[in-house]
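Report on the structure
Residue strings, one per chain:
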Amino acid sequence: TKYNMKKVLIMALAAMSLTAQAQIVDVTSTQQLLKGVDSNMYYPVLSTDGSKMLYTSENFQGLKLYDFKDNVTQKVSDESRAGLDATFSCDGQTVYFVTQTWQDNRNMRQAKSYDIATRKLNEISAKGRVVARPMALKNGVMTTIDGVVSITDNKSTTVRTKGSVLYIGRNGVEKAYTPVESHAGYLWESLSPDGTKVMFFAAGKGIVITDLNGNVLKQLGNYESPVWFGNDCVVAMNAKHNGYQHTASQIVLMRADGSELQELTRPESMTMNPTASFEAGKIVYNTIDGRLYQMNVNLK
């Protein structure tokens, strides 16, 4: 009957509305970090347990480390590009990063490590023209210099990208995959905390999640700078750009299966470059003018 059809339509619209307004987490508080300390803070990176944070300047010059427990900031490096590919070791006790120097009329890069307890710097690769972001492994690190991969822990699953090729390594054997076509290449590759899924950004396609054999499990849409929040959620930025500058940018949280999306900040807030610690229930991001904010969340 016409009445039943109308009832079904109303119920369907209500269900769609609930999905659109999905609340994956409760936001319990939001606060500015390091207020009055620095005005040029970008690209934060949290340790797995959320107790420490790396950040850099707008042009990636230098790298600093903030300890939430001690409320102390220490300098990791003053070098050029140090903040672009910085990451923590799995235990949060070491920082891996890549520096850039001008040598023999060309840029040369080198992977380095920083021991947080002793404040000691070490070179962990030779200098090269192309040095990928180091990947922290359970018992070591993977570096890639001019296409040559070096792994100190062959039992860990490794992930890296080069152009529009995804490389997944298991037990020391690496295989190449092209899950989706992307002429401009892949970025921001990462392994889920439980080691079962791979996530990356494909230019023109957005966020892609695959299994360990390169099979596409889900494409989440054209969001940028994705990071895992546990094994089943992803935090990313939804940015609009007019070719000259950002016109809007917000932080969003999504289910990795694509079933729900929650806006954590407004588009006009110009919030970007999220990092997350599921363990600490913490999401940190920067604003376009170089301020850092922490959002505390509880998964529903």
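Just above sits the structure.
This text gives an overview of the structure that appears in the document. (Residues numbered from 1 in each chain as written. Predicted model: local features only at pLDDT ≥ 70, side-chain atom pairs only at ≥ 80, totals over all residues. Heavy atoms only, no water.)

**Quick notes on the overall build of the protein chain**
- For the protein chain, the count of helices and strands is 1 helix and 26 strands.
- Taking 2.2 N^0.38 as the reference for a compact globule, 300 residues should give roughly 19 Å; the C-alpha atoms of the protein chain span a radius of gyration of 20 Å, in line with that estimate.
- Overall, the C-alpha framework of the protein chain stretches about 80 × 45 × 40 Å when taken along its three principal axes.
- Evaluated residue by residue, the protein chain yields a buried proportion of 49% over its 300 residues.
- The contacts of the protein chain with a sequence gap of at least 6 include a subset with a gap of at least 24, amounting to 36%.
- Of the roughly 15300 Å² that the protein chain leaves accessible, carbon and sulfur atoms contribute 49%.
- Here the protein chain contributes 32 positive and 28 negative side-chain charges, whose respective centroids are spaced 4 Å apart. (Helix = DSSP H or I, 4+ residues; strand = E, 2+ residues; numbered from the N terminus. Rg over C-alpha atoms; globule rule 2.2 N^0.38 Å. Buried < 20%, exposed > 50% of the residue type's maximum accessible area, 1.4 Å probe, protein only. Contact = heavy atoms within 4.5 Å. Areas by Shrake-Rupley, 256 points an atom, 1.4 Å probe, with all protein chains shown as cover. Lys, Arg positive; Asp, Glu negative; His and termini not counted. Charge placed at Lys NZ, Arg CZ, Asp CG, Glu CD.)

**Section: the pattern of salt bridges**
- Scanning the model with the defined rule gives 9 salt bridges in all.
- Here Asp 289 and Arg 291 are joined by a salt bridge, their closest N and O atoms 3.1 Å apart. (Salt bridge = Lys/Arg side-chain N within 4 Å of Asp/Glu carboxyl O.)

**Focus: the nonpolar core**
- Val 25, Phe 229, Val 235, Leu 253, Leu 264 and Ile 283 are the most contacted members of the largest nonpolar core, which totals 17 residues.
- Those elements that place two or more of their residues in this core are strand E21 (233-241), strand E22 (246-255), strand E24 (271-277), strand E25 (282-287) and strand E26 (292-299).
- With 4 residues, E21 is the single largest residue contributor to this core.
- Contacts of Leu 253, omitting those with residues within four sequence positions, involve Ile 24, Val 25, Phe 229, Cys 233, Val 234, Val 235, Glu 260, Leu 261, Gln 262 and Leu 264. (Core = buried A, V, L, I, M, F, W, Y, C linked by side-chain atoms within 4.5 Å.)

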